[in-house]
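# Commentary on secondary and tertiary structure
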Protein chains: 2
Amino acid sequence: MKRVSIKDVAKEAGVSASTVSYVLNSTPTETISQETQKRVMEAVNKLGYVPNLNARSLSSRHSNLIGVLIPQTEPGKELMFSNPFYGELLSSIEYTARQHGYHLLLSGTKEDQDYLSIAQNRGVDGVIIVGTYPGENLNALKTLGVPIVLVDSYVKDDAFHTIGIEDKEGARMATRYLIEKGHRRIAFVSGSIRENGVNIKRYQGYCDAMREAGLAVEEQAVYSGTVDYEYGIEAANEFLARGRKQTAAFVTADVITMGLVKGLQQNHIRIPEDVSIVSFDDVYLSPMAHPALTTIHQDIGEKGKQAVQLVLDAARSKEHHHSECILPLRLVERESVCERREKS
Amino acid sequence: MKRVSIKDVAKEAGVSASTVSYVLNSTPTETISQETQKRVMEAVNKLGYVPNLNARSLSSRHSNLIGVLIPQTEPGKELMFSNPFYGELLSSIEYTARQHGYHLLLSGTKEDQDYLSIAQNRGVDGVIIVGTYPGENLNALKTLGVPIVLVDSYVKDDAFHTIGIEDKEGARMATRYLIEKGHRRIAFVSGSIRENGVNIKRYQGYCDAMREAGLAVEEQAVYSGTVDYEYGIEAANEFLARGRKQTAAFVTADVITMGLVKGLQQNHIRIPEDVSIVSFDDVYLSPMAHPALTTIHQDIGEKGKQAVQLVLDAARSKEHHHSECILPLRLVERESVCERREKS
DNA sequence: CCGCTTTTCGTAAGCGCTTCCATTCATTTT
DNA sequence: AAAATGAATGGAAGCGCTTACGAAAAGCGG
């Protein structure tokens, strides 16, 4: 239980602590003889020495740690992963980071929280923030001096790196697809529409597509709530309450869609025969849905990978150059949409 | 960008660094006058001081950090969360930890990996390991001197705390339910069956129930693969290949079930009319499946919460007392099972 | 006003590691 | 042969914080 420190190794190998440090870090400016290296390594193995990374960070000013902030879907709701999208994203982030020898410091976030706590405290080398946050909170982070990458946020500020997708274009693509299938009354269902968020862009894309086709965007055709399946069910009920006006819907998240489909089916509305749906994200389980979701596919794995890459690149290069990465989208056709000739 | 340290605060407040430390940690043995406290706090706020937790850990020997090890489902597969169960569990762990002022150091794990790296390195205060691992790897962790809790593992060793569920009983319950519904030929579908893992217990429960009902456990009725929906589909094909012998199945994970259901439906096998299924886990999305999954419900949130609780309790108390926590299970009836009179 | 207890605070010694700089030899160079 | 070079290592000063320990200030009964 006795922690073995670098000094113990030094003593065992009959060298100084600094020498041990040099061989362990293979410091390029220093040169240690083969023989000594071998002796040190033997001591390390014999004693089972593992360096204390806290101490290392303290003196070397970098921690090989990346802070990751993932939103709790809703304040008060503890389920950070009520949206499987986050799970998949985190998965990819973790995997990529680990490949590079980095670990993750994970924290969920409530809106009102002080993000500094996680980041500044532990001396992370960079921060990945996923989702949309009020600007003030982000500003505090800028003073941190470590690279910050925003995933899926439209905050425009050169202090941050960003990675996202063509939200607007994706939504337009989805909506247009529905229009091409003969639908004219198309609902828009999304999570909360907030400043700098993705949903506002997707809403614009939806509107654009409608307008381009000469269709009106009716207020009663837009549904907005939270990003979880509960809201999908709620939206289904609301759809009924509003009189089943639309024959199709563009939904901005697969989770919502799953709830929506369920809610609709429970009311004996058939998908896609009665209501066609194009969804968004293409999470791991969406081909498993019934019907399998026709959805805008985004490469979640790539998103996470790029996020990590951005942080690491920025952490390495000294001068700050703002970078931005937009991933492409594509529509994958499955079973939740069918042709429709509007009666009117 | 200039980091403000405790000394800066001390200077600003006109006191010594130790005094600042005392007020910040409200060290119980020391007593600082109200007035000084106020002065210090003002300086802290004015300078925007945030303590460097690395330094703190270094000198105080505790980090307010919990290491979390989550398995990559399959080696080579990067998707740690191909099973939504892990996402939900992590969610709960993160939330609970945060409530207690702890952060998470997250790492995925490959089988062959050296777990020490994450734990020992960073001086975590405890480790939560979810899933089943080869014993040798765990042994290395024992020397760590921090509490370790194993989630869903049947490794018997007083050095570890464990938290799990009544796997065997749950499986028995599920199988018996199917039998009560008139099924006699029941498949067992699970992820890999390995030593000390949950599936072996569930298999036993399945066997027990069958035996109790005087039914034979046929080798060709058991399917075992990986825990993801891809395997579910595979199992469906295998089911066909083996001649559609069973009228029901007990599946040990909802993700697998989703794949299985999909695969079966694609082959025009109706659920539950042709094949009834009782699943396991009751993940967030399982009521959304089509049909909604009749499944053994486990309280994933509670599991995560207890895991954290166990670590923290153990970290606080000096002497080691092995603790163990088994959570109850219950069957929730939904739509994937129906009555059946065996033809034979 | 004096010893004595309490309260309040500063000094200093680390925690385990990195890293600049100086030092010691063994080689070369001229 | 003396001077210059370079390779190989150790010394020591921190990184930013905690925490004995001890000293000074303050309260108090007599």
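As shown above, the structure is provided for reference.
Described below are features of the structure shown in this document. (Residues numbered from 1 in each chain as written. Chains lettered and ligands numbered in written order. Predicted model: local features only at pLDDT ≥ 70, side-chain atom pairs only at ≥ 80, totals over all residues. Heavy atoms only, no water.)

### Describing the pairing of strand β3 (residues 126-130) of chain A
Residues and elements named next belong to chain A. The buried fraction of β3 amounts to 5 of the 5 residues, a majority that puts the element mostly inside the structure. Pairing analysis gives 4 bridges linking strand β1 (residues 65-71) to β3, with the strands arranged parallel. Of the residues in β3, the one forming a bridge with I66 is G126. As paired elements, β3 and strand β4 (residues 148-151) share 4 bridges and run parallel to each other. Its bridge partner being in β4, V130 is matched across the sheet by V151. (Buried < 20%, exposed > 50% of the residue type's maximum accessible area, 1.4 Å probe, protein only. Helix = DSSP H or I, 4+ residues; strand = E, 2+ residues; numbered from the N terminus. Pairing = 2+ DSSP bridges.)

### Structural notes on the nonpolar core
Counting 152 residues, the largest nonpolar core has I66(A), L90(A), I128(A), I66(B), L90(B) and I128(B) as its most contacted members. Setting aside residues up to four positions removed in sequence, I128(B) forms contacts with I66(B), G67(B), V68(B), L69(B), I93(B), V149(B), V151(B), A307(B), V308(B) and V311(B). If you look at the next biggest cluster of nonpolar residues, it comprises 28 residues, including L141(A), L65(B), V127(B) and L141(B). (Core = buried A, V, L, I, M, F, W, Y, C linked by side-chain atoms within 4.5 Å. Contact = heavy atoms within 4.5 Å.)

### A short note on helix α4 (residues 53-60) of chain A
The periodicity of an α-helix, 3.6 residues per turn, causes residues three or four positions apart to be oriented the same way. All names here are of chain A. Looking at α4, one finds that the buried residues are L53, N54 and S57. For α4, the angular spread of the buried residues around the axis is 105°, confining them to a single face. Capping the start of α4, N52 holds a side-chain oxygen 2.7 Å from the backbone nitrogen of N54, two or three residues further along. Directly beyond the C-terminal end of α4, a positive phi value near 65° is found at R61. (Arc of directions from axis to C-beta. Polar contact = N/O pair within 3.5 Å; in protein donor to acceptor, adjacent residues only side chain to side chain.)

### What to know about helix α1 (residues 6-13) of chain A
Residue and element names in this part refer to chain A. When we look at burial in α1, the residues that qualify are V9, A10 and A13. The buried residues of α1 occupy an angular sector of 100° when the element is viewed end-on, so they sit on one face. Exposed side of α1, more than 90 degrees from the buried face: K7 and K11 are the residues found there. Those residues of α1 that are buried lie in contact with α2 (17-25) and α3 (34-47). Phi for G14, located one or two positions after α1, is positive at around 70°.

### Digging into the protein's contact with DNA strand D
Neighbouring DNA strand D are 29 residues, the closest being T19(A), T31(A), T36(A), I6(B) and Y49(B). Within the side chain of E30(A), one N or O atom sits 3.1 Å away from a base oxygen of DNA strand D. Here a phosphate oxygen of DNA strand D and a backbone polar atom of S33(A) are 2.7 Å apart. If you list the elements that add at least two residues to the surface near DNA strand D, you get α2 and α4 of chain A together with α2 (17-25) and α4 (53-60) of chain B. (Near = heavy atom within 4 Å.)

### A few points about the relation of the copies chain B and chain A
Placing chain B over chain A gives an RMSD of 0.1 Å and needs a rotation angle of 180°, together with 0.1 Å of translation along the axis. Read as a symmetry element, the transformation amounts to a two-fold axis. Of the interface residues in chain B, 100% have counterparts in chain A that sit at the interface too, so the contact is made through matching surfaces. (Least-squares fit on C-alpha atoms with pLDDT ≥ 70 in both.)

### Things to note about the interface of chain B and chain A
On the chain A side, the residues contacting the 63 residues of chain B number 63 residues. Carbon and sulfur atoms supply 57% of the area buried between chain B and chain A, which totals about 5600 Å² over both sides. Looking at the side of chain B facing chain A, the largest losses of area belong to R122(B), Y284(B) and M288(B), adding up to 15% of the total buried there. Here chain B and chain A share 2 salt bridges between them. One salt bridge in this structure joins E335(B) and K262(A), with 3.7 Å as the shortest N-O distance. (Buried area = accessible area lost by both parts, 1.4 Å probe. Salt bridge = Lys/Arg side-chain N within 4 Å of Asp/Glu carboxyl O.)

### Observations concerning the packing of helix α8 (residues 167-180) of chain A against helix α9 (residues 198-212) of chain A
A pair of packed helices is characterised by two quantities: the angle between their axes and the separation of those axes. All names here are of chain A. Relative to each other, α8 and α9 sit at 40°, their axes nearing to 7 Å. In terms of their interaxial angle, α8 and α9 are classed as oblique. Crossing of α8 against α9: the hand is right-handed. When α8 is examined against α9, the residues D167, K168, A171, R172, T175, R176 and I179 are found in contact with a partner set consisting of V198, K201, R202, Q204, G205, Y206, D208, A209, M210 and E212. Here the residues of the contact of α8 with α9 sort into 6 nonpolar, 3 polar and 8 charged. (Axes fitted to C-alpha atoms, helices over the stretch in contact; angles between N-to-C directions. Parallel < 35°, antiparallel > 145°, perpendicular 65-115°, else oblique. Left-handed = near helix turned anticlockwise from the far one by under 90°. Nonpolar A, V, L, I, M, F, W, Y, C, P; charged D, E, K, R; others polar.)

Spatial relationships are all this shows, so hold off on functional conclusions.
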